[in-house]
Amino acid sequence: IRLSQLYYLGYGVEKNLDTARKVLESVDYPQHPYYYYWAAKLLITMFGNQQAKSIEYHLQKSADMGYVVAQSTLSSLYSSGTLLQENPKLSFEYAKRAASQGSVDDIVKVACFYLKGYGIARSRSNAKYLLEIAAKEGNTKAKNLLMLKNLLRNTQSPPFLQSKFFGEVQGP
């Protein structure tokens, strides 16, 4: 896997994506989550949307093996709808998996999904609970959202907060 990365990045060798792919394909026992994640990353770089199903397969395989970065990546891809078809429920589920393994950014993402009701029933109490956990870990976005929520307790949220992930941020 590392040799494939060296060719991909051009570290100590001439950068060559085809060779990176061939080296990766030569791995005898690819039953490692990072192998599937790296294969997906290489496919994204080389083929983009043309290999969306294969990218999804490799990321799901890696995520199902517990690789947090693959879980977070799948959540982002399912929410953006750019490479994979938008799927709020799967986006929530993969973010929740990553959050349950301690990914603070994904804890915030799950909190935002609860605020909006994106892929899960809306729950301000769950959102607040998760934001407090992330804020205790030092996450600036969580701290800002909690502060903003307190400032807007009895008012309508401004338009910039009415995006897909924030919803109406109002008091309890």
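Refer to the structure printed above.
Summary of the structure given here. Each chain carries its own residue numbering, running from 1 in the direction its sequence is written. In view of the model being predicted, local features appear only for residues whose pLDDT reaches at least 70, and side-chain atom pairs are presented and counted only at 80 or more, with totals across whole chains, interfaces and linings using the full set of residues. Only heavy atoms go into the side-chain values, all of them from the structure, while hydrogens and water stay out.

**With respect to a nonpolar patch on the surface**
Alright, step 1. Patches in this entry comprise residues that are over 30% relatively accessible and not in a salt bridge; like charges within 9 Å are linked, as are nonpolar side chains (Val, Leu, Ile, Met, Phe, Trp, Tyr) within 5 Å. Surface exposure here means Shrake-Rupley accessible area, sampled with a 1.4 Å probe, where a residue is shielded only by the protein chains that are shown. Just to be clear on terms, a salt bridge is a Lys or Arg side-chain nitrogen sitting within 4 Å of an Asp or Glu carboxyl oxygen. A cluster of nonpolar side chains, namely L3, L6, L9 and Y11, defines an oily patch on the protein surface of about 380 Å² accessible area.
Alright, step 2. Looking at where L6 falls in the secondary structure, it is placed in helix 1 (residues 2-9).
Alright, step 3. Three exposure classes are used, based on accessible area relative to the maximum for each residue type with a 1.4 Å probe and protein chains only: buried under 20%, partly exposed in between, and exposed over 50%. On the basis of relative accessible area, L6 is assigned to the partly exposed category, the value being 34%. By the criteria applied, helices consist of DSSP H or I runs no shorter than four residues and strands consist of E runs no shorter than two, each listed in order from the N terminus.

**Observations regarding the side chain of S75**
Alright, step 1. The topology assignment puts S75 in helix 5 (residues 68-80).
Alright, step 2. For S75, a relative accessible area of 0% corresponds to the buried category.
Alright, step 3. Here a residue-residue contact requires only that any non-hydrogen atoms of the pair lie within 4.5 Å. With residues up to four places along the chain from it excluded, the contact list for S75 reads S91, Y94, A95, K109 and F113.

**Let's talk about the pattern of salt bridges**
Alright, step 1. On inspection of all chains with the given rule, the structure shows seven salt bridges.
Alright, step 2. Between E25 and R21 there is a salt bridge, with its nearest N and O atoms 3.3 Å apart. Here R21 and E25 lie together in helix 2 (residues 17-25), a separation of four residues that amounts to about one turn.
Alright, step 3. A relative accessible area of 54% places E25 in the exposed class.
Alright, step 4. Counted as one network, the salt bridges with shared partners bring together D18, R21 and E25.

**Some details on the side chain of N139**
Alright, step 1. Looking at where N139 falls in the secondary structure, it is placed in the loop between helix 8 (124-136) and helix 9 (140-151).
Alright, step 2. The term polar contact refers here to a pair of N or O atoms within 3.5 Å; inside protein, the definition further demands a hydrogen-donor-capable atom paired with an acceptor-capable atom, and it admits residues adjacent in sequence only when both atoms are side-chain atoms. Among the polar contacts listed, one links the side chain of N139 to the backbone nitrogen of A142, at a separation of 2.8 Å.
Alright, step 3. In this structure N139 touches V104, D105, V108 and A134, once residues within four positions along its chain are discounted.

**Some thoughts on the packing of aromatic side chains**
Alright, step 1. Pairing of aromatic rings covers Phe, Tyr and Trp, the last through its six-membered ring, and needs centres within 6.5 Å; plane angles under 30 degrees mean stacked, over 60 mean edge-to-face, and all others mean tilted. The tally for this structure, following the rule as stated, stands at nine aromatic pairs.
Alright, step 2. Residues F92 and Y114 carry aromatic rings whose centres are separated by 5.5 Å and whose planes lie at 85° to one another, so their mutual orientation is edge-to-face. Placement of the pair is F92 in helix 6 (residues 88-100) and Y114 in helix 7 (residues 104-116), with a sequence separation of 22 residues.
Alright, step 3. Here a set of aromatic residues connected by ring pairs shows up, and it is made of F92, F113, Y114 and Y118.

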